[in-house]
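The lines below spell out each chain.
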Amino acid sequence: MDSIFNLLELDKTIICLIIIALTFIIGLVYTLIASIKFRASQSFFVSSILMPMIVAGVISMVSIFLDDSTTGAVRIATIAVALGLIRFRSSQGRAEELLLLFGGVAIGLISGLGYVLISFIFALVLSTLYVLLSSVNILKFKRIGEEKLLKITIPEDLDYNEAFDAILKTYLKSYELVQIKTTGMGSLFRLSYKVELLTKDSEKVLIDELRIKNSNLEISLLPYVESNKSL
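Residues numbered from 1 in each chain as written. Predicted model: local features only at pLDDT ≥ 70, side-chain atom pairs only at ≥ 80, totals over all residues. Heavy atoms only, no water.

Participant: Just to check I follow, could you spell out unusual backbone geometry for this structure?
Facilitator: Keep in mind that most residues, glycine aside, have a negative phi and that most peptide bonds are trans. Residue Ser-215 is not a glycine yet carries a positive backbone phi of 60°. Structurally, Ser-215 is set in the loop between helix H10 (203–213) and strand E4 (219–223). What makes Ser-215 exposed here is its relative accessible area of 51%. Here Asn-216, not a glycine, exhibits a phi torsion of approximately 60°, which is positive. Its place among the elements puts Asn-216 in the loop between H10 and E4. (Helix = DSSP H or I, 4+ residues; strand = E, 2+ residues; numbered from the N terminus. Buried < 20%, exposed > 50% of the residue type's maximum accessible area, 1.4 Å probe, protein only.)

Shown next as structure tokens:
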């Protein structure tokens, strides 16, 4: 199948803008379908929608700038350098931070290639889409924020590996042990679970059942908040 640059008899700059627009639609469809099963924050899904558009903008503009006589190795090296500019920040960045940083790199690259007007249009469209997607809960069917953080304090002599499994399976849709830490000068353990309740009415009965198992020590059920180091 031929490239869209060969199929459309239009100015390459116009084709580039068409590619960016089509990639946004593709990214939107891809994210909406994937989000049916994959659970994440809204900022992650917004980034997933817009990131393909940014990458398409970078690669298509490089393809325009480098003429047909340029070897594939030079094209790949140029794109790799452009995308590699965000590597220094990618290890600890949140989804929206990486998106905006990546967008800034794309805007700077397009301007540096001499397409200042396209760079301005791209920046305006990208920022507008980001604000709109972040303001409108387009992924509300994902029930973002239903996850809870369940903290259970237990005595040090209690084997926590399977002690609560029967209770958790009864009252929760899903659960995952995300942290184990000592407390009370090492005489107690505190287990932290990311959980999703079967029903909202099951909170009290769940806690009552857990209190029997953990010798009536402290139990808390809080909204789950992702770590800043995660996407």
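Structure shown, so let's carry the discussion forward.
Participant: Help me understand the layout of surface pockets, please; the structure alone is not making it clear to me.
Facilitator: Any empty space left between atoms is shown by rolling a water-sized probe over those atoms. When its volume is computed, the second largest pocket comes out at roughly 190 Å³. Contributing to the lining of the second largest pocket are Glu-146, Lys-148, Lys-173, Glu-196, Leu-197, Leu-198, Thr-199, Lys-200 and Glu-203. The residue inventory of the lining of the second largest pocket, partitioned by class, reads 2 nonpolar, 1 polar and 6 charged. (1 Å grid on protein atoms, 1.4 Å probe; cavity = no way out; pocket = protein on both sides within 12 Å on 5 of 7 lines; lining within 4 Å. Points joined across faces, edges and corners; volume = space filled by probe spheres on them. Nonpolar A, V, L, I, M, F, W, Y, C, P; charged D, E, K, R; others polar.)

Participant: Teacher, can you tell me more about the packing of helix H3 (residues 42–65) against helix H7 (residues 116–135) here?
Facilitator: To characterise two packed helices, one gives the angle between the axes of the helices and the distance between these axes. Interhelical geometry of H3 versus H7 gives an angle of 165° and a closest axis separation of 10 Å. Viewed along their axes, H3 and H7 adopt a mutual orientation that is roughly antiparallel. The two elements H3 and H7 cross, and the hand of that crossing is right-handed. The residues of H7 that touch H3, namely those facing Gln-42, Val-46, Ile-49, Leu-50, Met-53, Ile-54 and Met-61, are Ile-118, Phe-122, Leu-126, Leu-129, Tyr-130, Leu-133 and Ser-134. Here the contact of H3 with H7 is built from residues that sort into 12 nonpolar, 2 polar and no charged. (Axes fitted to C-alpha atoms, helices over the stretch in contact; angles between N-to-C directions. Parallel < 35°, antiparallel > 145°, perpendicular 65-115°, else oblique. Left-handed = near helix turned anticlockwise from the far one by under 90°. Contact = heavy atoms within 4.5 Å.)

Participant: How should the environment of Lys-12 be read in this particular structure?
Facilitator: The residue Lys-12 is located in helix H2 (residues 12–34) in this model. Given the relative accessible area of 36%, Lys-12 is considered partly exposed. For the pair Lys-12 and Phe-65, spaced 53 residues apart in the sequence, the C-alpha separation amounts to 9.8 Å.

Participant: When you look at the environment of Gly-57 in this model, what are you seeing that I'm missing?
Facilitator: Within the fold, Gly-57 resides in helix H3. For Gly-57, a relative accessible area of 0% gives the class buried. On a C-alpha basis, the gap between Gly-57 and Ile-118 in space is 9.8 Å, while along the polypeptide they are 61 residues apart.

Participant: What am I meant to see in the pairing of strand E2 (residues 172–183) here?
Facilitator: The side chains of a regular strand alternate between both faces of the sheet. Where E2 lies against strand E3 (residues 188–197), 10 bridges are found, and the strand directions are antiparallel. In the sheet register, Ile-180 faces E3, and the bridge partner there is Leu-191. The antiparallel hairpin formed by E2 and E3 contains 4 residues in its connecting segment, where Gly-184 sits at a positive phi of about 60°. (Pairing = 2+ DSSP bridges.)

Participant: What should I look at first to understand a nonpolar patch on the surface in this one?
Facilitator: Taken together, the side chains of Leu-7, Leu-8, Leu-10, Ile-14, Leu-17, Leu-117, Phe-120, Ile-121, Leu-124 and Val-125 make up a nonpolar region of the molecular surface, amounting to roughly 890 Å² of accessible area. Going through the elements one at a time, H2 and H7 are the ones with two or more residues in the nonpolar patch. Here the element with the most residues in the nonpolar patch is H7; it accounts for 5 residues. Along the polypeptide, Leu-8 turns up in the loop between helix H1 (4–7) and H2. (Patch = residues over 30% accessible without salt bridge, like charges linked within 9 Å, V, L, I, M, F, W, Y side chains within 5 Å. Areas by Shrake-Rupley, 256 points an atom, 1.4 Å probe, with all protein chains shown as cover. Salt bridge = Lys/Arg side-chain N within 4 Å of Asp/Glu carboxyl O.)

Participant: Help me understand H2 in this model?
Facilitator: Structurally, the α-helix is built with 3.6 residues per turn, so residues lying three or four positions apart point the same way. Spanning 23 residues, H2 covers 32 Å between terminal C-alpha atoms, matching the ideal 33 Å at 1.5 Å per step. Where H2 is concerned, the buried positions are Ile-15, Cys-16, Ile-19, Ile-20, Thr-23, Phe-24, Gly-27 and Thr-31. At the N-terminal end of H2, a side-chain oxygen is found 2.9 Å from the backbone nitrogen of Thr-13, two or three residues along, and the residue is Asp-11. (Expected span 1.5 Å × (residues − 1). Polar contact = N/O pair within 3.5 Å; in protein donor to acceptor, adjacent residues only side chain to side chain.)

Participant: Teacher, can you tell me more about the side chain of Ser-48 here?
Facilitator: In this fold, Ser-48 is placed in helix H3. On the basis of relative accessible area, Ser-48 is assigned to the buried category, the value being 18%. Separated by 3.0 Å, the side chains of Ser-48 and Thr-31 make a polar contact. Ser-48 has contacts with Gly-27, Tyr-30 and Thr-31, leaving out every residue within four places of it along the chain.

Participant: Can you help me understand the nonpolar core in this one?
Facilitator: It is characteristic of soluble globular proteins that their nonpolar side chains tend to be buried jointly. Ranked by internal contacts, the top residues of the largest apolar core, which has 23 residues, are Phe-24, Leu-50, Met-53, Ile-54, Met-61 and Phe-122. Those elements that provide at least two residues to this core are H2, H3, helix H6 (95–112) and H7. The biggest single contributor to this core is H3, with 9 residues. (Core = buried A, V, L, I, M, F, W, Y, C linked by side-chain atoms within 4.5 Å.)

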